[in-house]
Amino acid sequence: MAAEVARVAHRGLRKYLLPGETPVAEIRHHRIVLLKPFAIAVGVLALVVWLDLSVSDANAGILGYAWWAWFAVVGWAAWKWIEWRHTRVVATDKRIVLFEGWINHKVSMMPLKKVTDMGYERSLLGRLLGYGTFVLESAGQDQALSSIEFVPDPDDNYRAICSVVFGMGPLDDDDEGGSADDEPAWETSEDFTTHLGVVDGVYVGGPPTDGYEDPPVVSHGASIYRSRDLLRRDRDADTGELPPYDPDAY
């Protein structure tokens, strides 16, 4: 049975993912990219309305062309909106894919093994509105995905992509550098003896033994780790003071 392709929100992108690929981030550009076309449409509308109010009746013929020009700008802005809805950047556990186009599709991709570094930039406006830019450095020739601009939720997407680019594994939503159950980054000899159940050189309880080995007793200044043969040798050698021989006791 063929492996199931992981689902992504964009239908047109699903057929470009391979069986067994696991998407970790699906990015649609921040809405700030729509500001320019819609601002131009509003500006042209204001200009046409001003002409309509200012031009005399003798030159009223040019107003028709002005309104048609505004309709063309509105169509261009609508096309930019459609293109924005159908543009996606998807990071999987094998590659980063850029999908563009509504009628004519264009797919660019970069294998993760070519990514050598991943930069993260945020301008003041990006920090206020919540977007950033990812800069990918790759081995070999320049790649089409050298820069991913206007990334929404940049902190979460940056961690998700870095987790697969640098092989750190997926991060949980509550993972902010490790959970309370994780092992510490380093451990002193005192921490280790306490973990074994030894306090001030006296065994007070610790992990269960394998059934035939005595609980470890660690004295001050002694080595923490002792192999089984050394433990057995020390146990056989340290029998304490022998009582005097009494022939009447036997």
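This one's a predicted model, so the numbers in the text were calculated from it and none came from an experiment.

What counts and what doesn't
- Residues numbered from 1 in each chain as written.
- Predicted model: local features only at pLDDT ≥ 70, side-chain atom pairs only at ≥ 80, totals over all residues.
- Heavy atoms only, no water.
- Helix = DSSP H or I, 4+ residues; strand = E, 2+ residues; numbered from the N terminus.
- Buried < 20%, exposed > 50% of the residue type's maximum accessible area, 1.4 Å probe, protein only.
- Areas by Shrake-Rupley, 256 points an atom, 1.4 Å probe, with all protein chains shown as cover.
- Patch = residues over 30% accessible without salt bridge, like charges linked within 9 Å, V, L, I, M, F, W, Y side chains within 5 Å.
- Salt bridge = Lys/Arg side-chain N within 4 Å of Asp/Glu carboxyl O.
- Core = buried A, V, L, I, M, F, W, Y, C linked by side-chain atoms within 4.5 Å.
- Contact = heavy atoms within 4.5 Å.
- Expected span 1.5 Å × (residues − 1).
- Arc of directions from axis to C-beta.
- Pairing = 2+ DSSP bridges.
- Axes fitted to C-alpha atoms, helices over the stretch in contact; angles between N-to-C directions.
- Phe/Tyr/Trp six-rings, centres within 6.5 Å; stacked < 30°, edge-to-face > 60°.
- Lys NZ or Arg CZ within 6 Å of the ring centre and 35° of its normal.
- pLDDT = per-residue confidence, 0-100.

Novice: Just to check I follow, could you spell out the overall build of the protein chain for this structure?
Specialist: A tally of helices and strands in the protein chain yields seven helices and nine strands. Every one of the 250 residues in the protein chain was classed for burial, and the buried ones make up 26%. Counting every atom, the protein chain has about 17,600 Å² of accessible surface; 56% of that belongs to carbon and sulfur.

Novice: Looking at this model, I keep getting lost on a nonpolar patch on the surface. Mind explaining?
Specialist: A surface patch of nonpolar side chains, amounting to about 430 Å² of accessible area, comprises Leu 124, Leu 125, Leu 128 and Leu 129. Relative to the elements of secondary structure, Leu 125 occurs in helix 4 (residues 124–129).

Novice: So what exactly am I meant to see when it comes to the nonpolar core here?
Specialist: When a protein is soluble and globular, its nonpolar side chains tend to lie buried together. Of all hydrophobic cores here, the largest spans 20 residues; its most connected members are Ile 96, Phe 134, Ile 148 and Ile 161. Elements with a minimum of two residues in this core: strand 1 (23–27), strand 2 (88–92), strand 3 (95–100), strand 5 (115–121), strand 6 (131–138), strand 7 (147–152) and helix 5 (154–165). A per-element tally of this core places helix 5 first, with five residues. Here Ile 161 is in contact with Ala 25, Ile 27, Ala 91, Ile 96, Met 118 and Phe 134, once residues within four sequence places are set aside. Listed in part, the six residues of the second largest apolar core include Leu 13, Val 90, Val 97 and Phe 99.

Novice: Teacher, can you tell me more about helix 2 (residues 35–54) here?
Specialist: Helical periodicity: at 3.6 residues per turn, an α-helix aligns residues three or four positions apart in one direction. With 20 residues, helix 2 extends 28 Å between its outermost C-alpha atoms, agreeing within 8% with the 28 Å of an ideal straight helix rising 1.5 Å per residue. Those residues of helix 2 lying buried are Pro 37, Ala 41 and Val 48. Mapping the buried residues of helix 2 onto a view down its axis gives an arc of 40°, with all of them on the same face. In helix 2, those exposed residues whose orientation departs by more than 90 degrees from the buried face are Leu 35, Lys 36, Val 42, Trp 50 and Leu 53.

Novice: Honestly, unusual backbone geometry in this entry has me stumped. Any pointers?
Specialist: Residues other than glycine seldom take positive phi values, yet Phe 150 does so here, at roughly 55°. Note on placement: Phe 150 falls in strand 7. In this model, Asp 153 sits at a positive phi of 45°, which is unusual for a non-glycine residue.

Novice: Looking at this structure, I do not really get the sheet that holds strand 7. What am I missing?
Specialist: Strands in a sheet are paired, the pairing made by backbone hydrogen bonds, and the direction either parallel or antiparallel. Ordered in space as 5-6-7, the three strands form an open sheet in which the pairing is antiparallel. The two strands at the open ends of the sheet, each matched to only one other strand, are strand 5 and strand 7. Across the sheet, the axes of successive neighbouring strands diverge by a mean angle of 25°, strand direction being ignored. Taken together, the four bridges between strand 6 and strand 7 define a ladder with antiparallel strand orientation. Following the sheet pairing, Gly 132 is matched in strand 7 by Val 151. Packed on one face of the sheet, helix 5 meets strand 5, strand 6 and strand 7 and runs near 170° to strand 5.

Novice: I would appreciate a short explanation of the packing of aromatic side chains in the present structure.
Specialist: Each aromatic ring pair is specified by the distance between its two centres and by the angle formed by the two planes. A complete count under the given rule lists nine aromatic pairs for this structure. For the ring pair Trp 68 and Phe 71, a centre distance of 5.9 Å and an interplane angle of 75° mean the geometry is edge-to-face. Of the two residues, Trp 68 and Phe 71 both sit in helix 3 (residues 61–85), three residues apart, roughly one turn of that helix. A residue is classified by how much of its surface remains accessible, and Phe 71, at 47% relative accessible area, is partly exposed. For the pair Tyr 120 and Tyr 158, a centre-to-centre distance of 4.9 Å together with 25° between the ring planes defines the contact as stacked. Pair noted here: Tyr 120 is in strand 5 and Tyr 158 is in helix 5, with a separation of 38 residues, a long-range link. A network of ring pairs unites the aromatic residues Trp 67, Trp 68, Trp 70 and Phe 71 as a single cluster. Of note, Arg 28 hangs over the ring of Trp 84, and the distance from its end group to the ring centre comes to 4.4 Å.

Novice: Teacher, can you tell me more about the side chain of Arg 88 here?
Specialist: Residue position: Arg 88 is located in strand 2. Arg 88 gets classed as buried once you look at its relative accessible area, which sits at 10%. The residues contacting Arg 88, other than those within four sequence positions of it, are His 10, Leu 13, Glu 26, Ile 27, Arg 28, Val 97, Leu 98 and Phe 99.

Novice: Looking at this structure, I do not really get the confidence of the model for the protein chain. What am I missing?
Specialist: Low pLDDT marks regions whose predicted coordinates should not be analysed in detail. Of the residues in the protein chain, 62% have a pLDDT of 70 or more, and the chain-wide mean is 76. Here strand 9 (residues 202–203) is the element of the protein chain with the lowest mean pLDDT, 53, and helix 4 is the one with the highest, 94. Confidence drops under a pLDDT of 50 for residues 176–183, and excluding neighbours within four residues, the segment shows one contact in the predicted structure. Low confidence marks residues 218–224, where pLDDT is under 50. Its contacts with residues over four positions away, or in another chain, come to 12 contacts.

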